Amino acid sequence: MAKAAAKKKAKAGGAKAAELKVQLAVLNAIYLVVRFLLKRATVSGYDWAAFAFLGLCYAISFNGQVETAGGSPGDGELYFDLYVITALAQMISMFSLKGMYLFLTIPAYGAYFLFSKFFGGSSGSGSAPEQELSAADKKRLEKKERKAQRGKVVRARR
């Protein structure tokens, strides 16, 4: 009974690997047919480099997902995110050479996040520090709020 959990985890890892292999085969087959056969007149070295880069990303995400499904501790969600982003980039780059720019959005967002976290840059979503209001300003704001709560009186014409 002590090895039952290990066997169950290994079985889950094997099932995940089989599922991912089918998905990867279908995605890559569609990409190869569309990009390298149907659009062979526009194939360049860029396309071969992109295909190699996508293969590397798939290998990393595949191994990570299989390990975490098999019970190894790890960041399964991060590997899944990499897998989805790679698949989207591959599907976009079948029809446009700009599909690989999707991989640049993640580091750009990371740089923005770090900049705003450490250097205090904001996109306007943060709240501004409240200033001290004079008594007259406070009274005027309270009057405006009361007026807004009452609502507008609509009178019918006769």
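Use the structure listed above.
Everything quoted here is computed from the prediction, not taken from an experiment.

Definitions and cut-offs
- Residues numbered from 1 in each chain as written.
- Predicted model: local features only at pLDDT ≥ 70, side-chain atom pairs only at ≥ 80, totals over all residues.
- Heavy atoms only, no water.
- Core = buried A, V, L, I, M, F, W, Y, C linked by side-chain atoms within 4.5 Å.
- Buried < 20%, exposed > 50% of the residue type's maximum accessible area, 1.4 Å probe, protein only.
- Helix = DSSP H or I, 4+ residues; strand = E, 2+ residues; numbered from the N terminus.
- Salt bridge = Lys/Arg side-chain N within 4 Å of Asp/Glu carboxyl O.
- Phe/Tyr/Trp six-rings, centres within 6.5 Å; stacked < 30°, edge-to-face > 60°.
- Polar contact = N/O pair within 3.5 Å; in protein donor to acceptor, adjacent residues only side chain to side chain.
- Contact = heavy atoms within 4.5 Å.
- Patch = residues over 30% accessible without salt bridge, like charges linked within 9 Å, V, L, I, M, F, W, Y side chains within 5 Å.
- Areas by Shrake-Rupley, 256 points an atom, 1.4 Å probe, with all protein chains shown as cover.

Our focus in this paragraph is the nonpolar core. Among the nonpolar cores identified, the biggest contains 10 residues, and these are Y31, V34, F36, A50, L54, C57, A89, M94, M100 and F103. Elements supplying a minimum of two residues to this core: α1 (4–38), α2 (45–69) and α3 (76–95). In terms of nonpolar packing, the next biggest core, distinct from the first, is built from 8 residues, L20, L27, F62 and Y83 among them.

Attention now moves to the pattern of salt bridges. Evaluated as defined, the whole model comprises 2 salt bridges. Between D47 and R35 there is a salt bridge; the shortest N-O distance is 3.1 Å. On the criterion of sequence distance, the pair formed by D47 in helix α2 and R35 in helix α1 is long-range, its members being 12 residues apart. Of the two residues examined, D47 and R35, each falls in the buried class. In this structure, D137 engages R140 in a salt bridge whose closest nitrogen and oxygen atoms are separated by 2.4 Å. Remark: R140 and D137 occur in helix α5 (residues 135–150); sequence separation between them is 3 residues, near one turn of the helix. Overall, D137 belongs to the partly exposed group, its relative accessible area being 24%.

Applying the stated criterion to the full structure yields 9 aromatic pairs. Both rings, one in Y31 and one in F36, keep their centres 6.0 Å apart while their planes meet at 80°; by these two values the pair is edge-to-face. Neither residue differs from the other here; Y31 and F36 are each classed as buried. Aromatic side chains F115 and F119 sit 5.4 Å apart centroid to centroid with 40° between the ring planes, which places their arrangement in the tilted category. Within this pair, F115 and its partner F119 are both found in helix α4 (residues 102–119), separated by 4 residues, close to a single helical turn.

Looking at the secondary structure, you find S93 in helix α3. In this structure the side chain of S93 is engaged in a polar contact, spanning 3.1 Å, whose partner is the backbone oxygen of Q90. Not counting chain neighbours up to four residues away, the residues in contact with S93 comprise Y31, R35, G99 and M100.

Residue placement: K39 occurs in the loop between α1 and α2. Counting along the chain gives 55 residues from K39 to M94, while the straight-line C-alpha distance between them is 8.9 Å. Setting aside residues up to four positions removed in sequence, K39 forms contacts with V34, M94 and F95.

This part covers a nonpolar patch on the surface. Among the surface-exposed residues, Y109, Y112, F113, L114, F115, F118 and F119 lie close enough to one another that they form a single nonpolar patch of about 850 Å² accessible area. The partly exposed category is assigned to F115, whose relative accessible area is 47%.

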